[in-house]
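# Chains, contacts and geometry: an overview
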Amino acid sequence: MTKSFNRTDRVSAQLRRELGTLVREAVSEHGLPSVSVSDVEVTRDMAHAKVFVTALQSERAAEALKGLKAVAPEIRFRLARAVKLRHVPELHFHYDDSVDRGERIDHLLRDLDDGGERA
C-alpha cells in the first residue's frame, strides 16, 4: 500500500514540473491571465489529477480558470507526449487561494502591529 502512495507522489511531482511549462505555454498562446502551477494531486487510480494554480492577478483568477478548463484537453494531449505514463490523468484545474489567504493574514498582522505601536 505504501508503494502506491509513493508512486502517486512521484507522478504528482513529475506532472507538476511538466504542467508548469505546459500551462505557461497555453497561457501565452491563448492570451489567458498569467497563472502558475502550485500543486498537483493525483488520484490513486491515476485517472484524475487536480491541478492547483495561482494567479498573478487574483481578480482575474476566474477568467484564467475558465480558460484553462477550456484548453485542458489540449494540455493533456501535450502532457501525454511529455511523460512516459500508460494513462495520462484527466486534468481538473482549481484555483489555489492559499497565497491570497496568506497575504490577507499578513495584512491583518501588520494592522495589529501598527495598532499596537500607537497605543
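Residues numbered from 1 in each chain as written. Predicted model: local features only at pLDDT ≥ 70, side-chain atom pairs only at ≥ 80, totals over all residues. Heavy atoms only, no water.

## A look at a nonpolar patch on the surface
Selection rule: Patches here: salt-bridge-free residues with over 30% relative accessible area, like charges joined within 9 Å, nonpolar side chains (Val, Leu, Ile, Met, Phe, Trp, Tyr) joined within 5 Å. Per-residue accessibility takes into account occlusion by the displayed protein chains alone, with areas from the Shrake-Rupley method and a 1.4 Å probe. Each salt bridge in this description consists of a side-chain nitrogen of Lys or Arg and a carboxyl oxygen of Asp or Glu lying within 4 Å of one another. Only DSSP runs of H or I with at least four residues qualify as helices, and only runs of E with at least two residues qualify as strands; both kinds are numbered from the N terminus onward.
A surface patch of nonpolar side chains, amounting to about 330 Å² of accessible area, comprises Ile105, Leu109 and Leu112. By the element assignment, leucine 112 lies in helix α3 (residues 98–118).

## A closer look at the environment of alanine 47
So the rule is basically this: Should any heavy atoms of two residues lie within 4.5 Å, those residues are considered in contact.
Along the chain, the position of alanine 47 falls in the loop between β1 (35–42) and β2 (48–55). Sequence separation between alanine 47 and phenylalanine 93 is 46 residues, and the spatial gap between their C-alpha atoms is 14 Å. Beyond its immediate chain neighbours, meaning those up to four positions away, alanine 47 contacts His87, Pro89 and Glu90.

## Quick notes on the nonpolar core
Note the cut-off: Nine residue types can take part in a nonpolar core, namely buried Ala, Val, Leu, Ile, Met, Phe, Trp, Tyr and Cys, and a core is a set of them joined through side-chain atoms within 4.5 Å. For every residue, the accessible area obtained with a 1.4 Å probe (protein chains only) is divided by the maximum for its type, and the residue is called buried under 20%, exposed over 50%, and partly exposed between those limits.
Judged by nonpolar contacts, the single largest core of 30 residues is most densely connected at Leu15, Leu19, Ile75 and Phe93. The set of elements that each furnish at least two residues to this core consists of α1 (2–30), β1, β2, α2 (61–82) and β3 (90–95). When residues in this core are grouped by element, the largest group, 8 residues, is from α2. Not counting the four nearest positions on each side in its chain, isoleucine 75 is found in contact with Leu19, Leu22, Val23, Ala26, Leu68, Leu91 and Phe93.

## Examining the side chain of threonine 8
Here threonine 8 lies in helix α1. A residue is classified by how much of its surface remains accessible, and threonine 8, at 8% relative accessible area, is buried. Setting aside residues no more than four positions away along its own chain, threonine 8 makes contact with Val42, Thr43, Arg44 and Met46.

## Brief notes about the confidence of the model for the protein
The condition is simple: On a range of 0 to 100, pLDDT expresses the predictor's confidence in each residue.
Summary statistics for the protein give a mean pLDDT of 87 and a share of 92% for residues scoring 70 or more. The least confident element of the protein, judged by mean pLDDT, is α3 at 77; the most confident is β3 at 95.

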